[in-house]
Amino acid sequence: MEDRPARVDVDGPELLAKGFRPYERYRLVLHHADGTSDRQVRDIVRGGRVVGVLGYDPERDLVVLIRQFRLSAHLAGGKGDLIEIVAGMVEKGEDPEAAARRECMEEAGVAPRALVPMLAFTPTPGVTDEMAQLYLGILDASGLPERAGSAAETETTRPFAVPVDEALAAIGAGRCINGFLILALQWLALNRARLPELIAAAERG
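Each value, and the rule that gives it
- Residues numbered from 1 in each chain as written.
- Predicted model: local features only at pLDDT ≥ 70, side-chain atom pairs only at ≥ 80, totals over all residues.
- Heavy atoms only, no water.
- Helix = DSSP H or I, 4+ residues; strand = E, 2+ residues; numbered from the N terminus.
- Contact = heavy atoms within 4.5 Å.
- Areas by Shrake-Rupley, 256 points an atom, 1.4 Å probe, with all protein chains shown as cover.
- Lys, Arg positive; Asp, Glu negative; His and termini not counted.
- Charge placed at Lys NZ, Arg CZ, Asp CG, Glu CD.
- Salt bridge = Lys/Arg side-chain N within 4 Å of Asp/Glu carboxyl O.
- Buried < 20%, exposed > 50% of the residue type's maximum accessible area, 1.4 Å probe, protein only.
- Expected span 1.5 Å × (residues − 1).
- Arc of directions from axis to C-beta.
- Polar contact = N/O pair within 3.5 Å; in protein donor to acceptor, adjacent residues only side chain to side chain.

Draft legend 1. Seen up close, the overall build of the chain. Helix and strand content of the chain: five helices and 10 strands. Counting only C-alpha atoms, the chain reaches 55 × 40 × 40 Å along its principal axes. Long-range contacts, defined as pairs at least 24 residues apart, comprise 53% of the intrachain contacts of the chain with a sequence gap of at least 6. A total of about 12100 Å² of accessible surface is found on the chain, and carbon and sulfur atoms cover 53% of it. Of the side chains in the chain, 24 bear a positive and 31 a negative charge, and the two mean positions are spaced by 3 Å.

Draft legend 2. Spotlight on the pattern of salt bridges. Under the counting rule described, the total for this entry stands at 16 salt bridges. Here Arg-25 ties to Asp-43 by a salt bridge, and the two come within 2.7 Å at their closest N and O atoms. Of this pair, Arg-25 sits in strand β2 (residues 22–31) while Asp-43 sits in strand β3 (residues 37–45), and the two are 18 residues apart along the sequence. Taking the relative accessible area as the measure of exposure, Arg-25 reaches 26% and is therefore partly exposed. Owing to a relative accessible area of 24%, Asp-43 belongs among the partly exposed residues under this scheme. For Arg-113, the salt bridge identified is with Glu-203, shortest N-O distance 2.6 Å. A residue pair is termed long-range when its members are at least 10 positions apart, and Arg-113 in the loop between α2 (96–108) and β8 (114–121) and Glu-203 in helix α5 (residues 195–204) qualify at 90 residues. Residues joined by salt bridges that share partners form a network here, namely Glu-94, Arg-102, Glu-103 and Glu-106.

Draft legend 3. Structural detail: helix α4 (residues 179–190). In this model α4 runs 16 Å from its N-terminal to its C-terminal C-alpha over 12 residues, within 8% of the 16 Å that 1.5 Å per residue would give. Those residues of α4 that fall on the buried side of the exposure criterion are Phe-180, Leu-181, Ala-184, Leu-185, Trp-187 and Leu-188. Projected down its long axis, α4 shows its buried positions confined to an angular sector of 155°, all on one face. Sitting at the head of α4, Asn-178 places a side-chain oxygen 3.1 Å from the backbone nitrogen of Phe-180.

This is the structure:
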C-alpha cells in the first residue's frame, strides 16, 4: 500500500484571493486507468511546507506543549484555547530542521538539543497543499517561560510540560482535538520503547 503519482493535466493557478496564504483555482483533467478521464475545477489554499515539534524531556519523561487561541477551532466547536505542539511555516530557502528549531524557540521559549524525525503527512489534502514534517524535539523542560510567541505575528503561546502518560490519557479521552498533537503523541506511544536509541542517534548527528 503506497501513495503514487496521478496521471493529470493541470492548468493554473488563477489567484482568487491573497491573504495570509494564497487562495487559488486550478482546472484539470484527471486520467483513469480504464482510459476514461474527468474534468475538474479545484480551489486550494497554498500552505506549503510546515513543521511541528513535540518537545520531549527524556530525563523527566515530560512532553512540552503550548496553549494557543485558534479562531477556526472556536468557530467550529466553541473551544478555541487549544493545546498544541509547536508548529509553523518553513520560510523560503529555510531548511525544515532549522525551521523546527526556530519555531521551538519562538513558541516554547527553549531550543531543542536534538531533533528526531517522526513522520510527514498532508493535514487536509482536499483543501490545501500543506505538507507537514513532525519532529521530536529533545530538550530541557525546566526553563520554560510562562509566555512566548512571535510578536511580529501577533502570536501568544503559553508553554507547559506534562508527563507523557497524562498527555496520552488526554488524547485517549478525546479532550484535545488538534491533529498535529494527536499524531505526534500517537507516534510517541508507538515508538516509546525505541526512544533511547532514536535520541542517541539524533544527538550523535
